[in-house]
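Chain by chain, the residues:
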Amino acid sequence: MTLTALLTLMGLQALIAISPGPAAVVTIKTSAARGAKAGLLLSFGLASAIVLWAAAALAGLSIIFEVAPYLQTTLRIIGGLFLIWIGISMIRHASAPMADANEADVIGGRRLFRLGLITNLANPKALAYFAAVFVGIMPHDPTPAAAATVLVVIFMIEFGWYALLSLLFSRPSPRRAYQRGKTHLDRIFGGLIAALGARIAYN
């Protein structure tokens, strides 16, 4: 893999990561409500999911979709329904009090990782990018070293971005601002995620 191709991939991956979407919303909400550790655990799950998508693309994801196009539609619908579930859950628990910032040190670590993992596995934006754009950038038959380098770079970009959001929105000022408007913000965020999920599932 050439340096130009790698730099192109890094630039596109960064743009995909920072573009607004369910993963960013969940990261901001989790970090503001539960603190930096919770946000970082979630970020690890989000980044891991993207690496799994990249690995699937390297293994021939686009070819599978060409042979069985209904599979892509099925995954899109499942992803949309999962986003609807997240949105509805946020709305239902909007009036619940904020968790302590240190709660993630005691419980919920695996649950946060799992939430991040499933959120980005269900992200149709990731599905479309890795099934189409990503495979167009990668060499047709990358060496194991090149494939491993790409996966590491993707993880670092994704985790770095969500970790930055986590550290930013877990600071005292953002946490206090979120606490003051938690009920309304959770309902707004939940509504946006549910609406996006509905659009994806039924488009």
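Just above sits the structure.
Residues numbered from 1 in each chain as written. Predicted model: local features only at pLDDT ≥ 70, side-chain atom pairs only at ≥ 80, totals over all residues. Heavy atoms only, no water.

A. The arrangement of the packing of aromatic side chains in detail. Under the criterion given, the structure shown has four aromatic pairs. On the numbers, 5.5 Å between centres and 40° between planes, the contact of Phe 44 with Phe 113 is tilted. Here Phe 113 lies in helix α6 (residues 109-121) and Phe 44 lies in helix α3 (residues 36-58), a separation of 69 residues in the sequence. Between Phe 44 and Phe 159 the ring centres are 6.4 Å apart and the planes differ by 80°, which places this aromatic pair in the edge-to-face class. Of this pair, Phe 44 sits in helix α3 while Phe 159 sits in helix α8 (residues 144-169), and the two are 115 residues apart along the sequence. Assessed through its relative accessible area of 41%, Phe 44 is described here as partly exposed. Put simply, the rings of Phe 44, Phe 113, Phe 155 and Phe 159 touch in pairs and so form one group of aromatic residues. (Phe/Tyr/Trp six-rings, centres within 6.5 Å; stacked < 30°, edge-to-face > 60°. Helix = DSSP H or I, 4+ residues; strand = E, 2+ residues; numbered from the N terminus. Buried < 20%, exposed > 50% of the residue type's maximum accessible area, 1.4 Å probe, protein only.)

B. How the structure looks around α3. Between the first and last C-alpha of α3 there are 33 Å, a value that for 23 residues agrees with the 33 Å anticipated at 1.5 Å per step. Within two residues after α3, Gly 60 carries a phi angle of roughly 110°, on the positive side. (Expected span 1.5 Å × (residues − 1).)

C. Here's a closer look at a nonpolar patch on the surface. Side chains of Leu 12, Leu 15, Ile 18 and Val 133 sit close together on the surface and give an oily, nonpolar patch of about 330 Å² of accessible area. Here the nonpolar patch gets three residues from one element, more than from any other, and that element is helix α1 (residues 3-18). (Patch = residues over 30% accessible without salt bridge, like charges linked within 9 Å, V, L, I, M, F, W, Y side chains within 5 Å. Areas by Shrake-Rupley, 256 points an atom, 1.4 Å probe, with all protein chains shown as cover. Salt bridge = Lys/Arg side-chain N within 4 Å of Asp/Glu carboxyl O.)

D. View of helix α2 (residues 22-34). In this model α2 runs 18 Å from its N-terminal to its C-terminal C-alpha over 13 residues, within 8% of the 18 Å that 1.5 Å per residue would give. With ten of 13 residues buried, α2 is to be regarded as a mostly interior element. Turning to α2, its buried residues number three or more, namely Pro 22, Ala 23, Ala 24, Val 26, Thr 27, Thr 30, Ser 31, Ala 32, Ala 33 and Arg 34. Of the residues flanking the end of α2, it is Gly 35, one or two places downstream, whose phi is positive at about 100°.

E. Quick look at the packing of α3 against α8. At a minimum axis distance of 8 Å, the contact between α3 and α8 shows a crossing angle of 155°. As summarised for this structure, α3 and α8 are arranged roughly antiparallel, according to the angle between their axes. Considering the relative orientation of α3 and α8, their crossing is right-handed. A breakdown of the residues in the contact of α3 with α8 according to their chemical character gives 18 nonpolar, four polar and one charged. (Axes fitted to C-alpha atoms, helices over the stretch in contact; angles between N-to-C directions. Parallel < 35°, antiparallel > 145°, perpendicular 65-115°, else oblique. Left-handed = near helix turned anticlockwise from the far one by under 90°. Nonpolar A, V, L, I, M, F, W, Y, C, P; charged D, E, K, R; others polar.)

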